[in-house]
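Here's the letter readout for the chains.
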Amino acid sequence: MCSITTTPAVLAVPIVKRTCTEAVVWQVIFMKLFYRFVPHSWRLVSVPNRPSGRWHTFVDSAKVRFSCKSCEHGWTSMKGRITFWCAFSNNTGVVAYRLYGQQCGSCTGESYESAMWYPEEIEKVLWNICNRVAHVFYGLARPPIQLNRRPGKPKNPHNSEKCQACKDGVCAERR
Ligand SMILES: [Zn+2]
Ligand SMILES: [Zn+2]
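Rules used in this analysis
- Residues numbered from 1 in each chain as written.
- Chains lettered and ligands numbered in written order.
- Predicted model: local features only at pLDDT ≥ 70, side-chain atom pairs only at ≥ 80, totals over all residues.
- Helix = DSSP H or I, 4+ residues; strand = E, 2+ residues; numbered from the N terminus.
- Buried ≥ 20, exposed ≤ 12 C-beta atoms within 10 Å, placed from the backbone.
- Contact = placed C-beta atoms within 7 Å.
- Pairing = 2+ DSSP bridges.

A.B. asks: So what exactly am I meant to see when it comes to the overall build of the chain here?
C.D. replies: Counting secondary structure elements, the chain contains 4 helices and 5 strands. Along the chain, helices (α) and strands (β) appear in the sequence α-α-β-β-β-β-β-α-α when read from the amino end. Within the chain, the fraction of its 175 residues that count as buried is 27%. Relative to all contacts within the chain whose residues are 6 or more apart in sequence, the contacts with residues 24 or more apart total 67%.

Shown next as structure tokens:
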């Protein structure tokens, strides 16, 4: 596994220059943040859909990039969405998460392109969910949720028709 530090300045590298895959970045930042709950162990797992059973659910937002595999059109969205589902029992916790895609607006491609997440946005949403876990499962005070996103104004308004999170009903809130 590659080693990275998680200071925002170091992480603010362009996506193309990343040497680690995004999945590894998620895991490394998660482990650093959730180390606070030792001796309890917490795991981060990516899921394609809502897992069954009882979970605490939390939706967050970030600025993300998309790139169409068919026509190579690229676009930015301030409404990159993520849903977390958290559960804790027998000294073990699980944080499941799902990322939502968007369809290309420049061609007729029907598939949802995967969002590319900036490392500092990954760190922000994981920091938020870590504090949420600390509050829900450990009774710790909840610091305010970080709402800041990478600066930038997308040229076009959000297109709900092409947004997977809108289709799933998690894009409606204003954040
Ligand atoms: Zn396209
Ligand atoms: Zn949406």
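The discussion continues.
A.B. asks: Any chance you could explain unusual backbone geometry here in plain terms?
C.D. replies: Peptide bonds are, in most cases, trans, and in most cases residues other than glycine have a negative phi. With omega at 15°, the peptide bond leading from V38 into P39 counts as cis. Within the secondary structure, P39 sits in the loop between α2 (22–34) and β1 (41–46). At E72, a residue that is not glycine, the phi angle is positive and equals roughly 70°. By secondary structure assignment, the location of E72 is in the loop between β2 (56–67) and β3 (74–89).

A.B. asks: What exactly am I supposed to notice about the pairing of β3 here?
C.D. replies: With 11 bridges joining them, β2 and β3 adopt antiparallel strand pairing. Bridging from a neighbouring strand, R65 pairs with T76 of β3. The antiparallel pairing of β2 with β3 creates a hairpin that spans 6 residues between the two strands, and E72 there sits at a positive phi of about 70°. Summarising the sheet, β3 and strand β4 (residues 92–99) pair through 8 bridges and their orientation is antiparallel. Residue pairing across strands places F84 opposite Y97, the latter belonging to β4. Count of turn residues in the β3/β4 antiparallel hairpin: 2 residues, of which N90 carries a positive phi of about 50°.

Any functional reading would require information that these geometric values do not contain.
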